[in-house]
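# Breakdown of the fold
Here are the chains, one letter per residue:
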Amino acid sequence: MWDVIIVGAGAAGMSAGMYTSRRALSTLILSTDLGGQAAMTDWIENYPGVVGKTHGVAIMGNFRKQYEEFGGKMRFEEVKKIEKAGDDFNVITPQSEEQARAVILAFGLSPCELKVPGEERLKGKGVTYCATCDGPLYNGKVVGVVGSISEALDAAEYLSKICPKVYLFPQRDKLLGSAVLNEKVKGIANIEIVWNKKITEVAGEDKAKSVKWADIATNEVGETPLEGLFVEIGYIAKTDWVKDFVELDAKRQIKVDKENRTNVPGVYAAGDITDVDYKQVVVSAGEGAKAALEVYKYLQVKAGKPGVLTPDWGGV
Ligand SMILES: Cc1cc2nc3c(=O)[nH]c(=O)nc-3n(C[C@H](O)[C@H](O)[C@H](O)COP(=O)(O)OP(=O)(O)OC[C@H]3O[C@@H](n4cnc5c(N)ncnc54)[C@H](O)[C@@H]3O)c2cc1C
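It should be emphasised that the depicted structure is a prediction, and the values quoted were computed from it without experimental measurement.

Of regular secondary structure, the protein chain possesses six helices and 19 strands. With the C-alpha coordinates of the protein chain rotated into their principal frame, the extents come out at 70 × 40 × 30 Å. Looking at the protein chain residue by residue over its 316 residues, the buried ones come to 52%. When the accessible surface of the protein chain is split by element, carbon and sulfur atoms take 52% of a total near 15100 Å². Of the charged side chains in the protein chain, 39 are positive and 43 negative; the average position of the first set lies 1 Å away from that of the second.

Another aspect to go through is unusual backbone geometry. Within the chain, lysine 115 stands out as a residue other than glycine whose phi angle is a positive 60 degrees. The topology assignment puts lysine 115 in the loop between β9 (110–111) and β10 (127–128).

This part takes up the domain arrangement of the protein chain. Split into domains, the protein chain comes out as domain 1 (2–109 + 237–302) and domain 2 (127–231). Distance between the C-alpha centres of domain 1 and domain 2: 33 Å.

It is worth spelling out the site of the ligand at this point. The immediate surroundings of the ligand are formed by 31 residues, with Thr32, Asp33, Gln37, Asn46 and Ser284 found nearest. Backbone polar atom of aspartate 272 to an oxygen atom of the ligand: 2.9 Å apart, as the coordinates give it. Isolated, the ligand exposes 1000 Å² of accessible area, and the fraction of that covered by the protein chains is 88%. Those elements that provide at least two residues to the shell around the ligand are α1 (11–22) and α6 (281–302). Here the residues of the shell around the ligand sort into 13 nonpolar, twelve polar and six charged.

Turning next to the packing of α1 against α6. Packing of α1 against α6 brings their axes to within 7 Å, and their N-to-C directions diverge by 35 degrees. Helix-helix and strand crossings are classified by hand; for α1 and α6 the assignment is right-handed. Contacts between α1 and α6 involve Ala11, Ala12, Ser15, Ala16, Tyr19 and Thr20 from the former and Val281, Ser284, Ala285, Gly288, Ala289, Ala292 and Leu293 from the latter. In terms of residue class, the contact of α1 with α6 is built from nine nonpolar, four polar and no charged.

Another aspect to go through is the sheet that holds strand β17 (residues 228–231). Either a parallel or an antiparallel arrangement is found when strands of a sheet pair, and the pairing is made through backbone hydrogen bonds. Pairing within the open sheet is parallel, and its five strands lie in the order β10-β17-β11-β12-β13. Since the sheet does not close on itself, it has two edges, and those belong to β10 and β13 (191–193), each with one partner. Strand direction decides the pairing type here: β10 and β17, joined by two bridges, are parallel. Bridging from a neighbouring strand, threonine 128 pairs with phenylalanine 230 of β17. Docked against the sheet, helix α4 (residues 150–159) engages β11 (142–146), β12 (165–169), β13 and β17, running at close to 165 degrees with respect to β11.

The sheet contact formed by strand β14 (residues 197–203) and strand β15 (residues 210–215) spans six bridges and is antiparallel. Residue pairing for β15: glutamate 201 is matched across the bridge by lysine 212. What sits between β14 and β15 in their antiparallel hairpin is a turn of six residues, with glycine 204 showing a positive phi close to 145 degrees.

Moving on, we come to the packing of α4 against helix α5 (residues 179–186). For the pair α4 and α5, the least separation of the axes is 10 Å and the interaxial angle reads 35 degrees. With respect to the hand of their crossing, α4 and α5 are arranged in left-handed fashion. On α5, the residues that touch Ser150, Leu153, Asp154 and Glu157 of α4 are Leu181, Asn182, Lys184 and Val185. Here the contact of α4 with α5 is built from residues that sort into three nonpolar, two polar and three charged.

Let us now look at the pairing of strand β8 (residues 97–105). Relative to β8, strand β1 (residues 2–7) runs parallel, the two being bridged by five bridges. Residue pairing in the sheet places isoleucine 5 in a bridge with valine 103 of β8. Between strand β7 (residues 88–92) and β8, which pair antiparallel one after the other, the connecting turn spans four residues. Where β8 meets strand β19 (residues 267–269), three bridges bridge the pair, whose relative direction is parallel.

About the thresholds
Residues numbered from 1 in each chain as written. Predicted model: local features only at pLDDT ≥ 70, side-chain atom pairs only at ≥ 80, totals over all residues. Heavy atoms only, no water. Helix = DSSP H or I, 4+ residues; strand = E, 2+ residues; numbered from the N terminus. Buried < 20%, exposed > 50% of the residue type's maximum accessible area, 1.4 Å probe, protein only. Areas by Shrake-Rupley, 256 points an atom, 1.4 Å probe, with all protein chains shown as cover. Lys, Arg positive; Asp, Glu negative; His and termini not counted. Charge placed at Lys NZ, Arg CZ, Asp CG, Glu CD. Domains from an automatic or database assignment. Near = heavy atom within 4 Å. Polar contact = N/O pair within 3.5 Å; in protein donor to acceptor, adjacent residues only side chain to side chain. Nonpolar A, V, L, I, M, F, W, Y, C, P; charged D, E, K, R; others polar. Axes fitted to C-alpha atoms, helices over the stretch in contact; angles between N-to-C directions. Left-handed = near helix turned anticlockwise from the far one by under 90°. Contact = heavy atoms within 4.5 Å. Pairing = 2+ DSSP bridges.

Encoded structure:
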């Protein structure tokens, strides 16, 4: 039995884990990856105390180092279900079932999918959602980027430096990045913008070999051969698997009060997955720390001890 299980190893989950571990709570983080969205960004230059442009992967690597130095444990497993077991919780992944006295939900936002035939089957076999993470695997290959927002344009610009040809499918007749970025991308010789075509299928047997599309205005159909497809169409709260467990808001984010409590006693939430405004690394890290301290207080009270927090640095 763990004192606390944290779902997600992004800024919120890692920061929460640091704080629970420092409070000597036995802590397990279960996550599908390390670093979450922060690790998918090229550069972060607004995280306080980190001067200059620093790669998100490097920052999140430091989060992990700090967390593990305080004794926290982590495994890469996707949590599929959480059940109440008396006052405690069963946290279930395809690989394991763990028990905890408290849970912190910090599973952030996930990349939106195209929801077209072939996408699911070819994930990791040509279909990817992170140019920063997976771009180097496509060095020298012909690739496509789907999306019109700045993330898509950044991805296309980056890939144009390592790939001979980049097809950009904005799926509309304009780009939605900043004026400067839009013009920059339009001016790159090896980026071909395929205007107004909706992707209808990713084709290929065991790896992607082309995308099929239909013109939004004329319904004309066509196919573009490529070896990698980067889907950059935004992020959503994938909370379907907890919708019957904790209360969600209209945007399907987890509702929390100012103590990071959900409607289920013992279950806390932090970061982008919650209804807290401002989705930023520093906000997630702060919310994770708050949730952790509230979990500590909750477990103290449950154990019949005073629910009063001394500062985390050990003062009175
Ligand atoms: C392209 C881009 C650029 C950005 N640039 C900046 C920037 O410059 N500065 C800034 O401050 N913010 C930036 N942000 C926002 C910032 O990255 C996020 O607000 C922050 O990282 C969110 O952290 P989080 O821990 O709340 O969630 P996430 O980072 O989304 O982490 C969630 C974690 O949960 C895991 N997970 C999801 N589902 C499950 C499950 N079922 N079981 C187990 N694990 C699960 C994920 O794998 C991930 O590790 C950017 C975001 C993007 C997408």
